[in-house]
Amino acid sequence: MSHRNPIDRLAWRTIAVGLLCLTSSAGAACAADEEDTPAKPAVPNIYLDLRTTYATIPAGTFGLGFGNSSLSAAFEALATQRGVTLPSGLPAARSIAVDLPLTVDVSDRVSLYGGVSGSSADIGGGWSSFDITSWNIGVQADLHQQNGGKIPTITLQSTLTQSVPNEQGMTNSINHVLEFDYALDEDETRGWLAGVQYTHTDIASQLARIKPNTILYAGGYYQWPSNWKFTGRLGVQSFGGAQLARRTLAEPFTQPILRLDLDRMDDNDNRLFGITAQIAWMPKPSYQLTLRTPLYAVRN
C-alpha cells in the first residue's frame, strides 16, 4: 500500500501558524511563512487504476490470493454455473483479467473506488472470449497515521465485488484488509508491515457454498531516493473449501503465500507504475503476475 502526500502534517502546521498570527504582533512574518506553506490541492487525485493480471490456477481451486477478488469472482461463477458438467472437479486453468476501478483520493487518508473487471480463461479447450465478469466498489481509509509517532499507521480496505451477469450462480464477495505499517524513518521510506485479509463469498444458489478465505501476513518495504519502492509480504492462506450439490469443488487448505511488489513513485508518493508477482500454494503453486499502470486525470 502506497503512502499519500503528507497533507495532514501540513494542515496542522498551517493551524499552528494561524494561531501564532492571532497571538503575535509579528503579523508580517506570519504572512510570509503562510506563503511558504503548500496549499491543500483544490481537486483530489482522480485516476483509472488500470491493473492487468495473468494467473495460472491449479486444478481443484479458485483464483485466490492477495486482493484479486475480481479473478476469484470469475472462477467462482464459472464453477457454480458449470459444476454439474465437470465430474472430475475444477480443471487447471489460465486467466487474463483486467481491472478498471475509477479511484478518487478524497484526502490523504481516504480513497474511494469503483469500476468493472473483465477476463478471459483457458480451462483446457482454448481461451474464452474476453467479457466483463464483475463490478466492484470499495474504500480505503487510514484509521490512524503514524506521523513520526510510536503507533503504526492502521489502514482498512473493504471491497464489494459482484460477478456478472446477474443470474443463477452469480457470486457476491466482500474483501477486508487490515494492515499495520510501522515506518522506521520520518520520510516513511522504509518500514515493517503486518496484516490480515478476510474474504467472504455468497452464491445465488441453494446448492453451492464457498467458505471464507483468510490470509495472515508480515513483510516490509524500502524506497530508494530514485523513488523506486520494493515491498514484500509473506504469509499463510487458509481456505475453507467449496461445495456444489454436496460434491466438493475445491478442497480446504492452509498453505504459504508470497507477494513481491516493485513500484515507481513520484515525489509526492503517487504510483506511476507497478509490477506484482505472487506465488500461492493451494497446495500446488499458483502463479500470478500483475501490471499496474494508473491513468491520471488529476495528479497532485
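Reading the values: the criteria
- Residues numbered from 1 in each chain as written.
- Predicted model: local features only at pLDDT ≥ 70, side-chain atom pairs only at ≥ 80, totals over all residues.
- Heavy atoms only, no water.
- Helix = DSSP H or I, 4+ residues; strand = E, 2+ residues; numbered from the N terminus.
- Buried < 20%, exposed > 50% of the residue type's maximum accessible area, 1.4 Å probe, protein only.
- Contact = heavy atoms within 4.5 Å.
- Pairing = 2+ DSSP bridges.
- Salt bridge = Lys/Arg side-chain N within 4 Å of Asp/Glu carboxyl O.
- Axes fitted to C-alpha atoms, helices over the stretch in contact; angles between N-to-C directions.
- Core = buried A, V, L, I, M, F, W, Y, C linked by side-chain atoms within 4.5 Å.

*Asks:* I'm lost on the environment of L184 in this one. Help?
*Replies:* With respect to the secondary-structure elements, L184 resides in the loop between β7 (171-183) and β8 (190-203). With relative accessibility at 37%, the residue L184 sits in the partly exposed group. C-alpha of L184 to C-alpha of Y222: the two residues are 38 residues apart in sequence and 9.9 Å apart in space. Setting aside residues no more than four positions away along its own chain, L184 makes contact with R190, G191 and W192.

*Asks:* How should I be thinking about the pairing of strand β15 (residues 271-281) in this particular structure?
*Replies:* Two faces, one strand: in a regular strand the side chains alternate between the faces of the sheet. Alignment of strand β14 (residues 253-265) against β15, held across 9 bridges, turns out to be antiparallel. Across the sheet, M265 pairs through a bridge with R271, a residue of β15. Both β15 and strand β16 (residues 285-292) contribute to a ladder of 8 bridges, which runs antiparallel. By the bridge assignment, Q278 is partnered in β16 with Q288. As consecutive antiparallel partners, β15 and β16 are separated by 3 residues.

*Asks:* Sorry, what's going on with the pattern of salt bridges here?
*Replies:* Pairing between side chains of opposite charge can happen when their charged atoms approach one another. Overall, the coordinates contain 9 salt bridges when judged by the stated rule. Residue D49 is joined to R292 by a salt bridge in which the shortest nitrogen-to-oxygen separation is 2.6 Å. Of this pair, D49 sits in the loop between β1 (45-48) and β2 (51-57) while R292 sits in strand β16, and the two are 243 residues apart along the sequence. For D49, a relative accessible area of 4% puts it in the buried group.

*Asks:* Sorry, what's going on with the pairing of strand β13 (residues 247-250) here?
*Replies:* Of the pairings in the sheet, the one linking strand β12 (residues 242-244) to β13 comprises 3 bridges and is antiparallel in character. The partner of A242 across the bridge, within β13, is A250.

*Asks:* Before we go on, may I ask you to explain the sheet that holds β13 in this structure?
*Replies:* Working definition: the strands of a sheet are paired by backbone hydrogen bonds and lie parallel or antiparallel to each other. Spatially, β9-β12-β13 is the arrangement adopted by the 3 strands of the open sheet, whose pairing is antiparallel. Since the sheet does not close on itself, it has two edges, and those belong to β9 (208-210) and β13, each with one partner. Here the strands of the sheet are splayed against their neighbours by 25° on average, with no regard to which way each runs. Where β9 and β12 come together, 3 bridges link them in antiparallel fashion. Pairing of A208 across the sheet is with L244, part of β12.

*Asks:* Where do I start with the nonpolar core in this structure?
*Replies:* As a rule of thumb, nonpolar side chains are buried together in soluble globular proteins. Residues F62, L64, I210, F239 and A242 are the most contacted members of the largest nonpolar core, which totals 19 residues. Elements with a contribution of two residues or more to this core: β9, β10 (213-223), β12, β13 and β14. Apart from the residues lying within four places of it in its own chain, the contact partners of F239 are F62, L64, I210, K211, P212, N213, A250, E251, P252 and F253.

*Asks:* Would you explain unusual backbone geometry in this entry?
*Replies:* Peptide bonds are, in most cases, trans, and in most cases residues other than glycine have a negative phi. The omega torsion of the bond from M282 to P283 falls at -5°, within 30 degrees of zero and hence cis. If you trace the backbone, P283 turns up in the loop between β15 and β16. In the Ramachandran plot, N147 falls in the positive-phi region, its phi being about 50° despite a non-glycine side chain. The topology assignment puts N147 in the loop between β5 (131-144) and β6 (153-163). Look at N147 and you get partly exposed, because its relative accessible area is 32%. Phi at E188 takes a positive value of approximately 60°, unusual for a residue other than glycine.

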